[in-house]
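Architecture and fold: a report
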Number of protein chains: 2
Amino acid sequence: MTDTWKEFEANEVTHSVAHHLVAIHEVGREYGGWARVSDIARWLGITRGSVSINLRNIKTRGLVIEDEHRQVKLSEEGLKIAQAIMAKKAAVKAFLRDVINVPEEQAEIDSCKVEHLISHSTGENLLRFITFLTSDNPAAREALSQFRKFEDR
Amino acid sequence: MTDTWKEFEANEVTHSVAHHLVAIHEVGREYGGWARVSDIARWLGITRGSVSINLRNIKTRGLVIEDEHRQVKLSEEGLKIAQAIMAKKAAVKAFLRDVINVPEEQAEIDSCKVEHLISHSTGENLLRFITFLTSDNPAAREALSQFRKFEDR
DNA sequence: AAAACCTGTTTGACATATCAAACATCTACA
DNA sequence: TGTAGATGTTTGATATGTCAAACAGGTTTT
Ligand SMILES: [Mn+2]
Ligand SMILES: [Mn+2]
Ligand SMILES: [Mn+2]
Ligand SMILES: [Mn+2]
């Protein structure tokens, strides 16, 4: 009815772009942030051709910079986006695995699917919640323990 | 490194298909489940042309059936998928809004983005968790109340 | 009956994302 | 030094999803 669902389209980055950014961050880790097309492609499990084309778009949007050897590095904005995505993924995964007992592998898959889609503020609320719930607050510990029992009903 | 992230691609349905199925379900509610292209298009806020093309795909996959007046209705499989998506959305939204205090509108947007992506089992775990946490279990109530305080730190 | 409106489909365009294959260029190594 | 391998780009294909515009039928209004 409302067009709220079309907000889905209105994402900062697509899943593909999100993973390109994170890949550059990871691959470039030992090289001052600089990454090569080939290494990004290998990391992502897609062809060099695809990475080359995708980077065209990502460069245009100012999310990476390029040096004279055609290596790429996250721009300030690209880095901010990559870090936000990694943080949200970590929060979601921790919640799924440590709070509601989703198996590790499934938590990995589900958090991967969702990492770039949840809003910043939701990510923050979630992080606050797991921080509280996995703290040594007695009420939190008791609730979690009761939930474990509740689950095995 | 691993190709886990490509599992993203391996979804039962895309966001677009998910909303087409749910739209058919909603639009057809008062007509024995039968829906027309025009009404689906209006509901989704896209053109009739787009719906027409998308339905071609959705029919091929056996998710809807068509009658002699070109009306469509969810097949048994299509209905199962639509219901699973609606259930997951409700669970996510309730968690965001009622547990971690995400504002209604944001909870709506985030749950919409994610509804078709989270796995069945994760959805079930989440539902168990919110059922417990919003029950009258004293430990649950105390934890939630402590979390409210913790938030306003 | 005619005109206006509503419906569903098709076409051509565009955007994103992927592949394989061909190419040009570098690099390494024998 | 010459060949083999690695690298990056481009092209042509496929798939999904969207739009606007044109078209063909059907229904309603006048
Ligand atoms: Mn240099
Ligand atoms: Mn991911
Ligand atoms: Mn009939
Ligand atoms: Mn949605």
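Quick caveat: nothing in here was measured; it's all calculated off a predicted structure. The numbering scheme is per chain: residues are counted from 1 as the chain's sequence reads. In the order they appear in the text, chains get letters beginning with A and ligands get numbers beginning with 1. Per-residue local features of the predicted model are confined to residues with pLDDT of at least 70, and side-chain atom pairs are confined, for both listing and counting, to 80 or more; whole-chain, interface and lining totals are unaffected and use all residues. Only hydrogens and water are set aside; all other atoms, that is, all heavy atoms of the structure, feed into the side-chain values.

The next thing to look at is the protein's contact with DNA strand D. By nearness alone, 21 residues border DNA strand D, and Arg36(A), Ser38(A), Arg48(A), Ser52(A) and Thr14(B) come closest of all. Summary of the distance rule: residues count as near a molecule or strand when at least one heavy atom falls within 4 Å of that molecule or strand. Counted by atom, the contact set of DNA strand D within 4 Å of the protein is 66% sugar and phosphate. The separation between a phosphate oxygen of DNA strand D and a polar side-chain atom of Arg56(A) is 3.0 Å. For DNA strand D, a phosphate oxygen lies 3.0 Å from a polar atom in the backbone of Thr47(B). Here a strand is any run of E in DSSP of at least two residues, a helix any run of H or I of at least four, and the numbering for each starts at the N terminus. Those elements that place two or more of their residues in the surface near DNA strand D are α2 (37-44) and α3 (48-60) of chain A together with α1 (15-27) and α3 (48-60) of chain B. It is α3(A) that provides the largest number of residues to the surface near DNA strand D, a total of five residues. Classification convention: Asp, Glu, Lys, Arg as charged; Ala, Val, Leu, Ile, Met, Phe, Trp, Tyr, Cys, Pro as nonpolar; all other residues, Gly among them, as polar. A breakdown of the residues in the surface near DNA strand D according to their chemical character gives four nonpolar, 11 polar and six charged. In protein, a polar contact requires one atom able to donate a hydrogen and another able to accept it; more generally it is a pair of N or O atoms within 3.5 Å, and residues adjacent in sequence count only if both atoms are side-chain atoms.

All names here are of chain A. Each domain of chain A was delimited in the assignment, giving domain 1 (8-74) and domain 2 (83-151). For domain 1 versus domain 2, the distance between C-alpha centres works out to 28 Å. At the interface, 10 residues of domain 1 touch six residues of domain 2. Salt bridges are defined as contacts in which a side-chain nitrogen from Lys or Arg sits within 4 Å of a carboxyl oxygen from Asp or Glu. Linking domain 1 to domain 2 there are zero salt bridges. Of the residues contributing to the side of domain 1 that touches domain 2, the split by class is four nonpolar, five polar and one charged. Segmentation into domains, and thus their bounds, comes from an automatic or database assignment. Whether two residues are in contact is decided by their heavy atoms: any pair within 4.5 Å suffices.

Turning to the protein's contact with DNA strand C, a few remarks are in order. In the region of DNA strand C, 22 residues are neighbours, and Thr14(A), Arg36(B), Ser38(B), Arg48(B) and Ser52(B) sit closest. Close to the protein, within 4 Å, the atoms of DNA strand C belong to sugar or phosphate groups at a rate of 65%. In the model, a phosphate oxygen of DNA strand C is placed 2.9 Å from a nitrogen or oxygen of the Ser50(A) side chain. Of all the elements in the fold, those that place two or more residues in the surface near DNA strand C are α1 (15-27) and α3 of chain A together with α2 (37-44) and α3 of chain B. Take the surface near DNA strand C: its biggest share by element is five residues, from α3(B).

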